[in-house]
Amino acid sequence: MISNVEKFAVINSRFINDLLRELTKLTAGTAFASKLNIMFRSSAKCSYLCFLCLLVWAGTANAASLTLAWDPSPGASGYNVYWGTQSGTYTSVTNVGNQTSRQITGLADGSPYYFVVKAYNAFNVESAPSIEVSRRVGIPIWTQGDFNGDHVTDVGVFRPSNGTWFISGANPMVWGGGTDVPVAGDYDGDQRLDIAVFRPSNGIWYIRNSFNGLDVGMLWGGVGDVTVPGDYDADGKSDLAVFRPSNGTWYARSSINGTLTSLVWGGAGDTPTPGDYDGDGKSDLAVFRPSNSTWYLRYSNTGTAVTMVWGGVGDITVPADYDGDGKDDIAVFRPSNGTWYVRYSSTGATSSLVWGGGTDVPVPGDYDGDGKDDLAVFRPSNGTWYLRYSSTGAAVSTVWGGGTDIPIVKH
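About the thresholds
Residues numbered from 1 in each chain as written. Predicted model: local features only at pLDDT ≥ 70, side-chain atom pairs only at ≥ 80, totals over all residues. Heavy atoms only, no water. Helix = DSSP H or I, 4+ residues; strand = E, 2+ residues; numbered from the N terminus. Contact = heavy atoms within 4.5 Å. Areas by Shrake-Rupley, 256 points an atom, 1.4 Å probe, with all protein chains shown as cover. Buried < 20%, exposed > 50% of the residue type's maximum accessible area, 1.4 Å probe, protein only. Pairing = 2+ DSSP bridges. Phe/Tyr/Trp six-rings, centres within 6.5 Å; stacked < 30°, edge-to-face > 60°. Lys NZ or Arg CZ within 6 Å of the ring centre and 35° of its normal. Core = buried A, V, L, I, M, F, W, Y, C linked by side-chain atoms within 4.5 Å. Polar contact = N/O pair within 3.5 Å; in protein donor to acceptor, adjacent residues only side chain to side chain.

A. Fine view of the overall build of the chain. Across its full length, the chain holds zero helices and 33 strands. Contacts spanning at least 24 positions in sequence make up 42% of the contacts within the chain whose residues lie at least 6 apart. Total accessible area on the chain is roughly 16,800 Å²; 53% of this is exposed by carbon and sulfur atoms.

B. Structural view of unusual backbone geometry. The residue His151 is not glycine, and still its phi comes out positive at about 65°. For His151, the position within the fold is in the loop between strand S9 (133-136) and strand S10 (156-159). Under the relative-accessibility criterion, His151 is labelled buried at 4%. At Ser293, a residue that is not glycine, the phi angle is positive and equals roughly 60°. Position of Ser293 relative to the elements: it lies in the loop between strand S22 (285-289) and strand S23 (294-298).

C. The sheet that holds strand S29 (residues 361-362), seen in detail. Across the sheet, four strands lie side by side as S29-S30-S31-S32; this open sheet has antiparallel pairing. What marks the edges here is a single partner per strand, and that holds for S29 and strand S32 (395-399). With two bridges joining them, S29 and strand S30 (residues 375-379) adopt antiparallel strand pairing. Within the sheet, the bridge partner assigned to Pro362 lies in S30 and is Val377.

D. Spatial organisation of the packing of aromatic side chains. For the structure on display, the rule yields eight aromatic pairs. With centroids separated by 5.4 Å and ring planes inclined at 55°, the aromatic side chains of Phe333 and Trp340 adopt a geometry described as tilted. Like Phe333, the residue Trp340 is buried in the burial classification. By way of ring pairs, the aromatic residues Tyr322, Phe333 and Trp340 are connected into one cluster. If you follow Lys118 out to its NZ or CZ, it ends over the ring of Tyr82, 4.9 Å from the centre.

E. Fine view of the nonpolar core. In this structure, Leu68, Trp70, Val81, Trp83, Ile104, Leu107 and Phe115 are the most contacted members of the largest nonpolar core, which totals 16 residues. Sorting the residues of this core by element identifies strand S4 (63-71), strand S5 (78-84), strand S7 (101-108) and strand S8 (112-120) as the ones contributing at least two each.

F. Broad picture of the side chain of Asp190. As for its placement among the helices and strands, Asp190 is situated in the loop between strand S13 (181-182) and strand S14 (195-199). With a relative accessible area of 18%, Asp190 lands in the buried category. Of the polar contacts made by the side chain of Asp190, one reaches the side chain of Ser210; its length is 2.7 Å. With sequence-adjacent residues up to four places away left out, Asp190 is seen in contact with Ser210 and Phe211.

G. Broad picture of the sheet that holds strand S26 (residues 330-334). On the basis of which strands lie adjacent, the open sheet formed by four strands has the order S25-S26-S27-S28 and antiparallel pairing. Here the strands that pair on one side only, and so sit at the sheet edges, are strand S25 (316-317) and strand S28 (350-354). Two strands pair when backbone bridges link them, and S25 and S26 are joined in this way by two bridges, in the antiparallel orientation. Within S26, the residue paired with Thr317 across the bridge is Val332.

H. Fine view of the environment of Glu132. Tracing the backbone shows Glu132 in the loop between S8 and S9. Put simply, Glu132 and Gly88 are 44 residues apart on the chain and 7.8 Å apart in space, counted from C-alpha to C-alpha. In terms of polar contacts, Glu132 uses its side chain to reach the backbone amide nitrogen of Gly88, at 2.8 Å. There is a polar contact of 2.6 Å between the side chain of Glu132 and the side chain of Tyr90.

I. Examining the environment of Val155 more closely. Position of Val155 relative to the elements: it lies in the loop between S9 and S10. Along the backbone, Val155 and Gly169 are 14 residues apart, and their C-alpha atoms lie at a distance of 9.0 Å. Those residues within four positions of Val155 in sequence are excluded, and the remaining contacts are Phe166, Ile167, Ser168, Tyr367, Trp385, Thr398 and Trp400.

So far we have only geometry, and geometry alone does not tell us how the molecule works.
Structure (structure tokens):
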């Protein structure tokens, strides 16, 4: 159980002044943008290096490039860009002088990269690093809950009573019903979520591809399994996957070649919470164990096992990228007091905020299109979505669904 969360909510004010993120439209030749500020120290004063952005990537069969850009920092003589293929380890550096952008070339297409920028003064004394931003170059990235490809989370529900999907801006569609489990994901790689259900009674996934309208049915899993679709092979498409509590095993089917991967991670009573916690563009295996309030993560980039105490019995896991650094943050929603407890991956700082409560269903997503996931809940009793935009702090509500409808916001 988290107690006195507020006392841990300390941002490293020595070098972090602000944290923003913008998301450009991911059409061909563009990628996401991450904005941040870091403090630059000189012998006389402090100034700020602002707005490190991952702006553009372009790939070929074997190599790719990526463009970084940032706002100028008063008092800085120049900037060094550092990067590497593992978080926190930067094996390459380039001095860009007083330029505020640089194209990094010769990157391996399909590989993850992690970037920081440091300012330096006339005495070549460097600032502390910016927060780290990450990107797997050449691989499409979709937005959580985005059905139309505009990189903004859409409001949508699945109604089991008649098997109908109601997505904002789209015509209702009958797909599944009864005891089917909605498993929307980007199975065809077009950066739009596809309508899909898993039927426990026969273990079949029924998918309707948004790219060409084709219907797909595939056997994967069965009664008792928990569906955990995600991009486990880093090809930009959702893979069929289930977590089996009876033996603690994850079973994933690669969308690249149909290869089966199975790995024991967790067990009975654990809540599977897959997400990209290491920022390498692949879904990581993760479980939350309410009995000891512990998260068990397995980073896909290195195979490293990480444990963290966060939350407790009765909490609902809500991992998402709340700080916009390209990594999912560990977070829980506590219905008993309507509070969200978030631990930011970029700084290790924590926050707590009341938003919703009681029987509300947490539905985090990027509803304002700023590249950071917003706090949001769906209230079945009145069919209302309550959103809190991260870009402005504005509160927005919209009626969409109700009763026994299941809100859809997953990858």
